[in-house]
Amino acid sequence: MATEAYNRLRTQGVWAEVVGMKVDCPDGKSYGHAVCFYQPSANATIWAYDSAGTTELEVRSADLWVLEWAFNQALKPGYKASEFKVLAQEPAKAKPARQLAKR
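Quick look at the structure, then. (Residues numbered from 1 in each chain as written. Predicted model: local features only at pLDDT ≥ 70, side-chain atom pairs only at ≥ 80, totals over all residues. Heavy atoms only, no water.)

Turning our eyes to something else, we now look at the nonpolar core. Counting residues in hydrophobic clusters, the biggest one holds 18 residues, and the most contacted among them are Val19, Met21, Phe37, Leu57, Leu67, Phe71 and Phe84. At the level of secondary structure, the elements contributing two or more residues to this core comprise strand 1 (15-24), strand 2 (30-39), helix 2 (64-74) and strand 5 (80-89). Setting aside anything within four residues of it in sequence, one finds Leu67 in contact with Glu17, Phe37, Ile46, Leu57, Ser61, Ala62 and Phe84. Ala2, Leu9, Val18 and Tyr38 belong to the second-largest nonpolar core, a separate cluster that totals nine residues. (Core = buried A, V, L, I, M, F, W, Y, C linked by side-chain atoms within 4.5 Å. Buried < 20%, exposed > 50% of the residue type's maximum accessible area, 1.4 Å probe, protein only. Helix = DSSP H or I, 4+ residues; strand = E, 2+ residues; numbered from the N terminus. Contact = heavy atoms within 4.5 Å.)

Have a look at this one:
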C-alpha cells in the first residue's frame, strides 16, 4: 500500500518516501510496517499514508528522527513505532534525512 501511494505521488511531483519500521503492540507482539510519508507542497505539513488511512503529522521536516517522533504521537496509546529506515525516496525533492543510529 505504501509503495503504491509513493508511485502515485511521484508522478505528481510530490515529495514522498516510503519508510519501513517496527511496530510494538500493547499485547506484546511486534511486526514490520511500511508507511508513505509525503508533503503535498513545499510549505505543507507532512502526511503519513498506510493501510489505516491518512494522518497529518503537524511537522515539516523529513528528518527521520522528526518523522519517528511525529508518527508515534499519532499512534493509539500502547503502540510504539521504532527502527525507521527509508526504503524509497523521491530524490528530486527530498531533503537529506539523518539515518537513525543503532541504539
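Anyway, onward from the coordinates.
The subject of this paragraph is helix 2. Every buried residue of helix 2 is listed here: Leu64, Leu67, Glu68, Ala70, Phe71 and Asn72. Taking the backbone nitrogen of Trp65 as reference, a side-chain oxygen 2.8 Å away marks Asp63 as the first, capping residue of helix 2. (Polar contact = N/O pair within 3.5 Å; in protein donor to acceptor, adjacent residues only side chain to side chain.)

This part is about the packing of aromatic side chains. Considering all chains together, one arrives at three aromatic pairs under this definition. Arranged with centres 5.9 Å apart and planes meeting at 80 degrees, the rings of Phe37 and Phe71 form a pair that is edge-to-face. With Phe37 in strand 2 and Phe71 in helix 2, this residue pair connects regions lying 34 residues apart in the sequence. For the pair Phe37 and Phe71, a shared accessibility class is recorded, and that class is buried. Through successive ring pairs, a cluster of aromatic residues spans Phe37, Phe71 and Phe84. (Phe/Tyr/Trp six-rings, centres within 6.5 Å; stacked < 30°, edge-to-face > 60°.)

Right, let's get into the side chain of His33. Tracing the sequence through the fold places His33 in strand 2. On the accessibility criterion, His33 (18% relative accessible area) is buried. At 2.8 Å, the side chain of His33 and the side chain of Asp50 are in polar contact.

The full count for this structure, using the stated rule, is two salt bridges. Lys22 serves as the salt-bridge partner of Asp24, at 3.8 Å between the closest nitrogen and oxygen. Assessed through its relative accessible area of 29%, Lys22 is described here as partly exposed. Across the pair Glu83 and Lys22 runs a salt bridge whose closest N-O atoms are separated by 3.9 Å. Separated by 61 residues along the polypeptide, Glu83 in strand 5 and Lys22 in strand 1 bring together distant segments of the chain. The exposed category is assigned to Glu83, whose relative accessible area is 53%. (Salt bridge = Lys/Arg side-chain N within 4 Å of Asp/Glu carboxyl O.)

In this section: the layout of surface pockets. By volume, the largest pocket is sized at about 330 Å³. Every residue lining the largest pocket is counted, 15 residues in all, and those nearest its centre are His33, Asp50, Ala52, Phe71 and Leu75. Within the residue set of the lining of the largest pocket, elements represented by two or more residues are strand 2, strand 3 (47-50), strand 4 (53-56) and helix 2. (1 Å grid on protein atoms, 1.4 Å probe; cavity = no way out; pocket = protein on both sides within 12 Å on 5 of 7 lines; lining within 4 Å. Points joined across faces, edges and corners; volume = space filled by probe spheres on them.)

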